[in-house]
Structure formats: structure tokens, C-alpha cells
Amino acid sequence: MGRILVTGAAKSGYGEAITRRLIADGHDVMGVYDHADASLATRLFSEYGAKLTMEAIDLADRTALIAFLDKSDTYHPLFREFVAAALKRKNDGNTQKAR
């Protein structure tokens, strides 16, 4: 199976659930997380080891994001991408873009 990039991979809720599911389904996951989510990123990495690569990236920093994507394309070609960084659950159970 291919390597999948998950932005917000260590975000409690959707990001964490997506990351866990993809690994359970046999994918290698390259996770991008916000510095505020470092403790969950560390816990996920300790649970999954070689199936999960985690890196703290500020997605608003275009230069850092481009450098990360260039590096990942060189060493680990990507199969798919999930963007979980901008999702949050509304009280009614629907999703919306985070502000």
C-alpha cells in the first residue's frame, strides 16, 4: 500500500482517527501536526513506529510546507493526502471548516 500524508494527523478527534484507521488498513502514514499537538504525536509514533512518520509543520508557513513536501517526494512518494487539520465537529454532529 502507498504512503499517505495526513495534515492534522495528531489533532485529537478526526486527525487521530484518520491516522489510526489508515495504519490499521495497512498504509504507511506521514503525519503533519501543529506544535500544540506534540504530545499526541509522540504517543501515536510510540504506538506505530515504522508505520508512521510525524513532523511538526506550521501549514501557514508556505516555505516550510514546500520544503517538507519536496523532502517527502524525494524519499517517500505519496499515494494520497487527507486534510484533517481544518476540520472540527459542530454540536449537531456535522463537520465544518475550522476558523
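Quick notes on the rules
Residues numbered from 1 in each chain as written. Predicted model: local features only at pLDDT ≥ 70, side-chain atom pairs only at ≥ 80, totals over all residues. Heavy atoms only, no water. Buried < 20%, exposed > 50% of the residue type's maximum accessible area, 1.4 Å probe, protein only. Helix = DSSP H or I, 4+ residues; strand = E, 2+ residues; numbered from the N terminus. Arc of directions from axis to C-beta. Pairing = 2+ DSSP bridges. Core = buried A, V, L, I, M, F, W, Y, C linked by side-chain atoms within 4.5 Å. Contact = heavy atoms within 4.5 Å.

Moving on: helix α1 (residues 14–24). Of all the positions in α1, only G15, E16, T19, L22 and I23 are classed as buried. The arc enclosing the buried residues of α1, seen along the axis, measures out at 135 degrees, which places them on a common side. Exposed side chains of α1 directed beyond 90 degrees from the buried face belong to R21 and A24. Positioned one or two residues after α1, G26 has a phi angle of 100 degrees, which is positive.

This part covers the pairing of strand β1 (residues 3–7). The element β1 is largely enclosed, with a buried count of five among its five residues. Here β1 runs beside strand β2 (residues 28–33); their pairing, made up of five bridges, is parallel. Looking at the pairing, T7 lines up with V32 of β2.

Formed by 13 residues in total, the largest nonpolar core has its most connected members in V6, A10, V29, L44, L52 and M54. Among the secondary structure elements, those contributing two or more residues to this core are β1, α1, β2, α2 (38–48) and β3 (52–56). The element contributing the most residues to this core is α2, with three residues. The residues contacting L52, other than those within four sequence positions of it, are T19, I23, V29, G31, L44 and F45.

This part covers α2. Those residues of α2 lying buried are L40, A41 and L44. Each buried residue of α2 sits inside an arc of 100 degrees when the element is viewed along its axis, so together they form one side. Opposite the buried face of α2, at more than 90 degrees from it, the exposed residues are S39, T42 and S46. Where α2 is buried, its residues meet α1, β2 and β3. Positive backbone phi, approximately 50 degrees, marks G49, located one or two places after α2.

None of this, on its own, says anything about what the molecule does.
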